[in-house]
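Letter by letter, the chains look like this.
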Amino acid sequence: MSILYAVLVLGALGAVFGALLAFASKIFHVEVDPKQAAVRECLAGANCGGCGYPGCDGYAAAVAKGEAPCNKCVASGPEAAAKIAEIMGVAADAAEKKVAFVPCSGCNNVAEMRFNYTGPEDCRAAMLFGGKSNKLCTFACIGMGNCAKACKFDAMHVVKGVAKVDRSKCVGCGACVDACPKDIVQLIPEKQRTMVACRNQDKGAQVMKICKTGCIGCMKCQRECPADAIHVENFVAKIDTSKCTQCGHCALVCPRHIITTFKA
Amino acid sequence: MSVTEYLSIAIGAILINNFIFSQFLGCCPFLGCSSKVETATGMGLAVVFVMGLASAICYVVNEFILVPLDLAFLQTLAFILVIAALVQFVEMFLKKAVPSLYSALGIYLPLITTNCAVLGVVLLNVQNSYDFLGSVIYGITGGLGFMLAIVLFASVRERIAFADYPECFDGFPICLISAGLVALAFMGFSGMKIF
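Definitions and limits used
- Residues numbered from 1 in each chain as written.
- Chains lettered and ligands numbered in written order.
- Predicted model: local features only at pLDDT ≥ 70, side-chain atom pairs only at ≥ 80, totals over all residues.
- Heavy atoms only, no water.
- Helix = DSSP H or I, 4+ residues; strand = E, 2+ residues; numbered from the N terminus.
- Buried < 20%, exposed > 50% of the residue type's maximum accessible area, 1.4 Å probe, protein only.
- Contact = heavy atoms within 4.5 Å.
- Buried area = accessible area lost by both parts, 1.4 Å probe.
- Nonpolar A, V, L, I, M, F, W, Y, C, P; charged D, E, K, R; others polar.
- Phe/Tyr/Trp six-rings, centres within 6.5 Å; stacked < 30°, edge-to-face > 60°.

**Quick look at the overall build of chain B**
For step 1, the next point in the chain: Scanning chain B from N- to C-terminus turns up nine helices and zero strands.
For step 2, the next point in the chain: Taken from the N to the C terminus, the helices and strands of chain B come in the order α-α-α-α-α-α-α-α-α.
For step 3, the next point in the chain: When burial is assessed residue by residue, chain B has 45% of its 195 residues classed as buried.
For step 4, the next point in the chain: Considering only intrachain contacts with a sequence separation of at least 6, the fraction spanning at least 24 residues in chain B is 78%.

Next comes the structure, spelled out in structure tokens:
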């Protein structure tokens, strides 16, 4: 008998609350700005937070109120920005599409290991064991994949101990940039297709000892560049993306094959 | 119950038997929402609100439905049901009636649904056999105690951001250690008897 009562009472309570809530949702229905809903439709919906607002809904609300610019969502790209601008009736100022880039090529068997790390799969944890890296190169990517875990678009993977970006999937939200405890990952303009995949600031001789491919600062690329876009600073070549013409000459002369060119 | 009893319930809930520091209830929002004083205050206000209301409604449900039918063993289940429905309702009501408060509370309001401090307060009401007014007072002051704790702790955490501590404590470890120290300070109240 008591079971019956229990079922009845809980069922009745649930039904009453359900009915009340359904009723309340009608009474307390709040009209959402139709613009907000339309803007929300255009967004990628990953709630990546790249725009600086709490999720896609927060951003859509801010746009509808006219508080946020239309092009803040890097994840949904310039087409969406144009659509949102159309909804809001303002001129679109399309955001330059960016993608993540990992300036390290020190994968297994290329970069010398400092120790064989067997702890938790976490870059921060691996960093605690002295030297700031499990590789001899203190600038190298640890490869425990904090960035890959942070990526909501399946665009970041650890391949042979180094994080690699899948440029076709990357939307440039910057979640990996924030996740990297060593501040290795950076956002570069998508049109920039030539990059130096090394950030080691040690002198050439030292780099030779610890990495088979790291930049030794030989200046060959700097001399070869017709646009004066690549310079060696702190013993590592750096490309000025505003000057680079993507000619790829630097990649051809690099003795360490550290300058990568991405397909368009 | 007399006025002095209500007063001792109130002071007890805020300081002596503080929900977070001496009963270990509501620790997840305490750690999750305490990085800024502003958000901590929002969370605290929402908890005060929901705990007060939940105490009142759960008292009615318990006293007039569960106890007469001899179903006291269903308390936990029924109270969870009440709290979940209540939070939903409060959310809808605030959205319509006080949009400014709704946007200030933001995400914290739905989060309270899964806050064990709210369930804790209604179960303790039954355990301590408070009357209606006593339950409501215990709920509201319990919420105030929660708010006191979370705002104090958020202020501490804002200071920690500038402190120089070993790198290995970065993030949650230093946060947990300082939570322990704040709790130790509250231990000073334990064992106090009022009236």
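**So, unusual backbone geometry**
For step 1, the next point in the chain: Unusually for a residue other than glycine, F235(A) sits at a positive phi of about 65°.
For step 2, the next point in the chain: In this structure, F24(B) takes a positive phi of about 60° despite not being glycine.
For step 3, the next point in the chain: For F24(B), the position within the fold is in the loop between α1 (3-16) and α2 (27-32).

**Brief notes about the interface of chain A and chain B**
For step 1, the next point in the chain: Residue-level contacts link 18 residues of chain A with 21 residues of chain B.
For step 2, the next point in the chain: Of the roughly 1600 Å² buried where chain A meets chain B, counting both sides, 85% is carbon and sulfur surface.
For step 3, the next point in the chain: Here the side of chain A that touches chain B is built from residues that sort into twelve nonpolar, four polar and two charged.

**Side note on the packing of aromatic side chains**
For step 1, the next point in the chain: Applying the stated criterion to the full structure yields ten aromatic pairs over all chains.
For step 2, the next point in the chain: On the numbers, 5.8 Å between centres and 75° between planes, the contact of F28(A) with F89(B) is edge-to-face. Within this pair, whereas F28(A) is found in the loop between α1 (2-27) and α2 (34-42), its partner F89(B) is found in helix α4 (residues 75-97), the two belonging to separate chains.
For step 3, the next point in the chain: For F28(A), a relative accessible area of 18% gives the class buried.
For step 4, the next point in the chain: Judged by relative accessible area, F89(B) falls into the partly exposed class, the value being 33%.
For step 5, the next point in the chain: Considering the side-chain rings of F28(A) and F93(B), the 5.4 Å spacing of their centres and the 90° angle between planes classify their relative orientation as edge-to-face.

**Overview of the side chain of N62(B)**
Residue and element names in this part refer to chain B.
For step 1, the next point in the chain: The residue N62 is located in helix α3 (residues 37-66) in this model.
For step 2, the next point in the chain: Looking at N62, the relative accessible area reads 6%, which means it is buried.
For step 3, the next point in the chain: Not counting residues within four places of it along the chain, the set of residues in contact with N62 comprises V67, P68, Q75, F79 and V126.

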